[in-house]
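Residue-level structural notes
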Amino acid sequence: MASALTDKLTRLVKEMRGQARITESNVTDMLREVRMALLEADVALPVVRDFIARVKEKALGQEVLGSLKPGQTLVSIVNRELAATMGEGVADINLAAQPPAVILMAGLQGAGKTTTTAKLAKHLIEKRKKKVLTVSGDVYRPAAIEQLKTVTKQAGAEWFPSTPDQKPLDIAHAALDYAKKHYFDVLLVDTAGRLAIDEALMKEIKDLHAALNPVETLFVVDAMQGQDAINTAKAFKEALPLTGIVLTKLDGDSRGGAALSVRQITGAPIKFAGVSEKLDGLEVFDAERHAGRILGMGDIVALVEQVTAGVDMEAAQKLAAKVKSGDGFDLNDFLSQIQQMKQMGGLSSLMDKLPSQLTAKAGSIDMDKAEKDIKRKEGIIQSMTPLERRKPELIKATRKKRIANGAGVHVQEVNRLLKEFEQMQGMMKKMKGGGLMKMMKKMGG
Ligand code: GDP
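Quick look at the structure, then. (Residues numbered from 1 in each chain as written. Predicted model: local features only at pLDDT ≥ 70, side-chain atom pairs only at ≥ 80, totals over all residues.)

Not every one of the 17 residues close to the ligand is listed here, only the nearest: G112, K113, T114, T115 and G274. Of the residues forming the shell around the ligand, the biggest block, 3 residues, is contributed by helix α5 (residues 113-128). Of the residues that constitute the shell around the ligand, the class distribution is 2 nonpolar, 11 polar and 4 charged. (Near = placed C-beta within 6 Å. Helix = DSSP H or I, 4+ residues; strand = E, 2+ residues; numbered from the N terminus. Nonpolar A, V, L, I, M, F, W, Y, C, P; charged D, E, K, R; others polar.)

The structure is reproduced here in structure tokens:
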């Protein structure tokens, strides 16, 4: 886990306690830490320099408010400035055009264009009740056309066929015609990406832009691209009047510094964040929340949302009631607890969202191993009959072997799980209510 800026600044603050004003000398030390944090988060160097200069200007001479200490003041200045740079408020898709509103998707191959096209289709259908058509202009990779077809169907939108022997411009015109005739509200145009920027690609997408006159031209960029994002962003900004950015793969390990770089380079607002491979993994970008992530301060808001949205509340309450009464906690409940954990995005994504001050304690846990372990446990319980799950004490040696075979594990693992379950059952009886939330509170110390 990346070391957190707040930890370092807190240390610095301790060293300079008592100073009532941010001065040239104490701010230099702190800004060095801020700079490191931004670089660790993979913000591009020129962007970092610019940013630090702005923060310094704002910080110098600023009165320390009320009981705040200089370090905290600086963190809040940095936080605010980060959020402001990445865009304030939220910006949804602009559809203010004579229908069909055309949305052009641009970006490198692998950035997540096709996936995002389908995610947007789903978003526009479900949240804005629009009739949506998609089309692929990627005539170089037949598989890309097929991929769009598949995900468009999953999104519940209509797909307009195209083939590798057509010209992208002809495809665009035909799709636009069709969308007009059939009263579509939105036409989403997925385009060809290359592995790197090249002239032909840029000309092609420029021509498409001119022909389609899109109301939105979205630049799709992979958050994991880190420092490289800046060059890609430059090239696309020069070629196209970008109206928005979609930052994908924010569910990964990156601290998402690319957001700051890309926003600064293109000047376009970051509209959405991709947070999973699945089609519902699209979130309206929240600059303030993202500022916290870049600074390593944890994504508490997202965590809380995830805990409440991801979990089947009814099931959780039932489980809590059972735990409270201390009886009837069986392997089905154990399984349901494991599954709730999974619904929340797994252990590591949960840990990523907690402030690093809290997760430092868990630093020694191997997350990968822990998650695999959870999956194996799930497999074992699923290989049992309903009766066995209710009354594990009935499971005899031959059944254990069969269950192990079913789950693809050694019989020792079945034994271990049963033992763990027994211990948990005992613990549950002692503990009054709480379950997962209680556990998390404990983690928070
Ligand atoms: P394209 O070449 O730009 O069209 O990219 P694709 O849409 O084919 O995406 C490339 C890969 O990234 C695929 O494996 C997607 O499933 C994956 N992907 C796209 N967006 C996300 C995201 O937000 N999170 C994650 N984890 N994977 C994503």
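As a further point, take the environment of E288. Mapped onto the elements of the fold, E288 is located in helix α11 (residues 287-294). According to the C-beta neighbour criterion, E288 is partly exposed, with 16 such atoms within 10 Å. Between the C-alpha atom of E288 and that of G87, which follows or precedes it by 201 residues, the distance is 8.6 Å. (Buried ≥ 20, exposed ≤ 12 C-beta atoms within 10 Å, placed from the backbone.)

Ranked by internal contacts, the top residues of the largest apolar core, which has 89 residues, are I103, L187, V189, F219, V221 and L247. Split by domain, the residues of this core number at least three in each of domain 1 (5-86) and domain 2 (101-296). When near neighbours in sequence (up to four residues on either side) are disregarded, L187 contacts P100, V102, L133, V135, A175, L176 and A179. Grouped together as the second largest cluster of nonpolar side chains are 10 residues, L331, A407, V414 and F421 included. (Core = buried A, V, L, I, M, F, W, Y, C linked by C-beta atoms within 7 Å. Domains from an automatic or database assignment. Contact = placed C-beta atoms within 7 Å.)

All right, on to helix α8 (residues 199-212) then. Taking 1.5 Å of rise per residue, the 14 residues of α8 would be expected to cover 20 Å, and the 20 Å separating its terminal C-alpha atoms lies within 8% of that figure. Restricting attention to buried positions, one finds in α8 the residues L201, E204, I205, L208, H209 and L212. The arc that holds every buried residue of α8, seen down its axis, measures 140°, which confines them to one face. For α8, the exposed residues lying more than 90 degrees away from the buried face are E199, A200, K203 and A210. Those residues of α8 that are buried are in contact with β1 (101-106), α7 (168-181), β4 (186-190), β5 (216-222) and α9 (229-239). (Expected span 1.5 Å × (residues − 1). Arc of directions from axis to C-beta.)

If you walk across this open sheet you meet the 8 strands as β3-β2-β4-β1-β5-β6-β7-β8, and the pairing is mixed. Two strands bound the open sheet, and with one partner strand each, they are β3 (158-160) and β8 (282-284). Mean inter-strand twist for the sheet, computed between neighbouring axes without regard to direction, equals 25°. Relative to β5, β1 runs parallel, the two sharing 4 bridges. The partner of M105 across the bridge, within β5, is L218. Sitting on the sheet, α5 is in contact with β1, β2 (132-136), β4, β5, β6 (244-248), β7 (270-274) and β8, with an inclination near 170° to β4. Of the strands in this sheet, β2, β3 and β4 are in contact with helix α6 (residues 142-155), which crosses β2 at around 165°. (Pairing = 2+ DSSP bridges. Axes fitted to C-alpha atoms, helices over the stretch in contact; angles between N-to-C directions.)

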